[in-house]
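The residues making up each chain are set out below.
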Amino acid sequence: KATLVIMAAGIGSRFGGGIKQLAPIGPNGEIIMDYSIYDALEAGFDKVVFVIRKDLEKDFKEIIGNRIEKEVEVAYAFQELDDIPEKFSGKFTGRTKPWGTGQAILCCKDVVDAPFLVINADDYYGKEAFKEAYSYLTNLPSADIMQICMVSFVLKNTLSDNGGVTRGVCEVDGHGMLADIEETHNIEKEDGKAVIHKEDGDVFLDVDSPVSMNMWGLTPGFLEVLEKGFAEFFEKEVVTNPLKAEYLIPTFIGELLEQGKMSVKVLRSNDTWYGMTYKEDVAAVKNSFKEMLEK
């Protein structure tokens, strides 16, 4: 068994009002999530969990949830601002946004009971990524320390024609394990190159570098470690930056990696990733899907 977890709580209060994650991109009004779920089911996943905001449940079910549950088992997890460790309850009244991807995944602890793959609602990862992840999650290796996986993409396949993007640039050792991951901002595509413009000169990145696109293969055991980390995050980070601190999966995994408490198998997909960072990206994504469907 393997479950697909889709992080969709960030789709915000403008839901349905031209929100990019719900822009129709297929010939019959399909949204990106439709294609991700289709590929996941084809690869073997047998359950879908949507992480959403409670106040969006009705709209969300109308737009996609009710259709999908005719095809596969569906569960919902709700990411709420006040779903935090009890001792901090009621202390951060000025905060308006949830606590990041780490909290989003933690919300699933009561509805996930099998290895699971996490994806973003507004990214399309391609068939190969889902096949690789399913194969790994259904044949988990026995290891001395917790092992999870990450599907990496080739940097040049993830850049936007419409501006700079942020990517987790990965260092992979000779055994295909993650050695380091560095959140890198404002990577632009210019003449087939990947460049960051800085005041003291341009920095060029290898266009074939593996990058993380927030596609993680995790286990129910990981949720226990994540929960413990969430409490520590409040003790250390939130007290100093209560309005903006975020509990982010890549950062948390990076820390566990550094402490030698976890290993991460890097799976590689050569598919092109499609996402909608800029509203101008919508037309390009529509066009790419049209070509894929024709092929």
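Just above sits the structure.
Residues numbered from 1 in each chain as written. Predicted model: local features only at pLDDT ≥ 70, side-chain atom pairs only at ≥ 80, totals over all residues. Heavy atoms only, no water.

1. Let's talk about the overall build of the protein chain
When helices and strands are tallied, the protein chain shows 7 helices and 13 strands. Relative to the globule expectation of 19 Å for 295 residues, the C-alpha radius of gyration of the protein chain, 19 Å, shows essentially globular dimensions. Each principal axis of the C-alpha distribution contributes one length, and for the protein chain these read about 50 × 50 × 45 Å. Expressed as a percentage of the 295 residues in the protein chain, the buried residues total 53%. Surface accessibility of the protein chain: about 14,600 Å² in total, with carbon and sulfur atoms responsible for 47%. Treating the 32 positive side-chain charges of the protein chain as one cloud and the 50 negative ones as another, the clouds have centres 3 Å apart. (Helix = DSSP H or I, 4+ residues; strand = E, 2+ residues; numbered from the N terminus. Rg over C-alpha atoms; globule rule 2.2 N^0.38 Å. Buried < 20%, exposed > 50% of the residue type's maximum accessible area, 1.4 Å probe, protein only. Areas by Shrake-Rupley, 256 points an atom, 1.4 Å probe, with all protein chains shown as cover. Lys, Arg positive; Asp, Glu negative; His and termini not counted. Charge placed at Lys NZ, Arg CZ, Asp CG, Glu CD.)

2. Describing the layout of surface pockets
One number sums up the size of the second largest pocket: a volume of about 430 Å³. If you go around the second largest pocket, you meet 17 residues; those closest to its centre are Gly 229, Glu 232, Tyr 247, Phe 252 and Glu 255. Taken together, the elements giving at least two residues each to the lining of the second largest pocket come down to α5 (220-238) and α6 (249-258). At 7 residues, the largest contribution of residues to the lining of the second largest pocket is made by α5. (1 Å grid on protein atoms, 1.4 Å probe; cavity = no way out; pocket = protein on both sides within 12 Å on 5 of 7 lines; lining within 4 Å. Points joined across faces, edges and corners; volume = space filled by probe spheres on them.)

3. A word on the pattern of salt bridges
Per the counting criterion, the structure on display carries 14 salt bridges. In this structure, Arg 67 and Asp 34 form a salt bridge, with 2.8 Å as the shortest nitrogen-oxygen distance. Highlighted residues: Arg 67 in helix α2 (residues 57-68) and Asp 34 in helix α1 (residues 32-43), separated in sequence by 33 residues. By relative accessible area, which is 39% here, Arg 67 ends up partly exposed. (Salt bridge = Lys/Arg side-chain N within 4 Å of Asp/Glu carboxyl O.)

4. Concerning the pairing of strand β7 (residues 165-172)
Summarising the sheet, β7 and strand β8 (residues 178-190) pair through 7 bridges and their orientation is antiparallel. Paired with Val 165 across the bridge in β8 is Ile 187. The turn linking β7 back onto β8 is made up of 5 residues, and Gly 176 within it adopts a positive phi angle of 75°. By the bridge criterion, 2 bridges tie β7 to strand β11 (residues 210-218) in an arrangement that is antiparallel. Bridging from a neighbouring strand, Gly 168 pairs with Ser 212 of β11. (Pairing = 2+ DSSP bridges.)

5. Regarding the state of the cysteines
Scanning the model with the defined rule gives 0 disulfides in all. Cys 107 takes part in no disulfide bond, and the closest cysteine sulfur to it belongs to Cys 108, at a distance of 6.5 Å. (Disulfide = S-S within 2.5 Å.)

6. Examining the packing of α5 against α6
The packing of two helices is summarised by the inter-axis angle and the distance between the axes. Look at α5 against α6: their axes get within 12 Å of each other, and the N-to-C directions meet at 100°. The angle between α5 and α6 falls in the class roughly perpendicular. Contact residues: α5 offers Phe 222, Val 225, Leu 226 and Gly 229, while α6 offers Ile 249, Phe 252, Ile 253 and Leu 256. Counted by class, the contact of α5 with α6 contains 7 nonpolar, 1 polar and no charged residues. (Axes fitted to C-alpha atoms, helices over the stretch in contact; angles between N-to-C directions. Parallel < 35°, antiparallel > 145°, perpendicular 65-115°, else oblique. Contact = heavy atoms within 4.5 Å. Nonpolar A, V, L, I, M, F, W, Y, C, P; charged D, E, K, R; others polar.)

7. What about helix α7 (residues 281-294)?
For α7, built from 14 residues, the straight-helix expectation of 20 Å at 1.5 Å per residue is met to within 8% by its first-to-last C-alpha distance of 20 Å. The set of residues buried in α7 consists of Asp 281, Val 282, Val 285, Ser 288 and Phe 289. Taken end-on, α7 shows its buried residues confined to a sector of 125°, consistent with a single buried face. Among the exposed residues of α7, those oriented more than 90 degrees off its buried face are Ala 283, Lys 290 and Glu 294. Buried residues in α7 make contact with α1, β5 (123-124) and β13 (274-275). (Expected span 1.5 Å × (residues − 1). Arc of directions from axis to C-beta.)

8. A short note on unusual backbone geometry
Residue Asn 186 is not a glycine yet carries a positive backbone phi of 55°. Non-glycine residue Asn 214 carries a positive phi angle of around 65°. Examined against the element boundaries, Asn 214 turns out to sit in strand β11. In this structure Asn 214 comes out as buried when scored by relative accessible area, which is 15%.

9. Side note on the packing of aromatic side chains
Enumeration according to the criterion identifies 18 aromatic pairs in this entry. Taking 6.1 Å as the distance between ring centres and 5° as the angle between the ring planes, the aromatic pair formed by Phe 230 and Phe 233 counts as stacked. Of this pair, Phe 230 and Phe 233 are both found in helix α5, 3 residues apart, which corresponds to roughly one turn of the helix. Residue Phe 230 is classed as buried on the basis of its relative accessible area of 5%. According to the relative accessible area criterion, Phe 233 is buried, its value standing at 6%. What links up through ring pairs into an aromatic cluster is the set Trp 99, Phe 222, Phe 230, Phe 233, Phe 234, Tyr 247 and Phe 252. Just above the ring of Phe 78 sits the side chain of Lys 54; from NZ or CZ to the centre is 4.3 Å. Arg 167 extends its terminal NZ or CZ atom over the ring of Trp 273, reaching a point 4.6 Å from the ring centre. (Phe/Tyr/Trp six-rings, centres within 6.5 Å; stacked < 30°, edge-to-face > 60°. Lys NZ or Arg CZ within 6 Å of the ring centre and 35° of its normal.)

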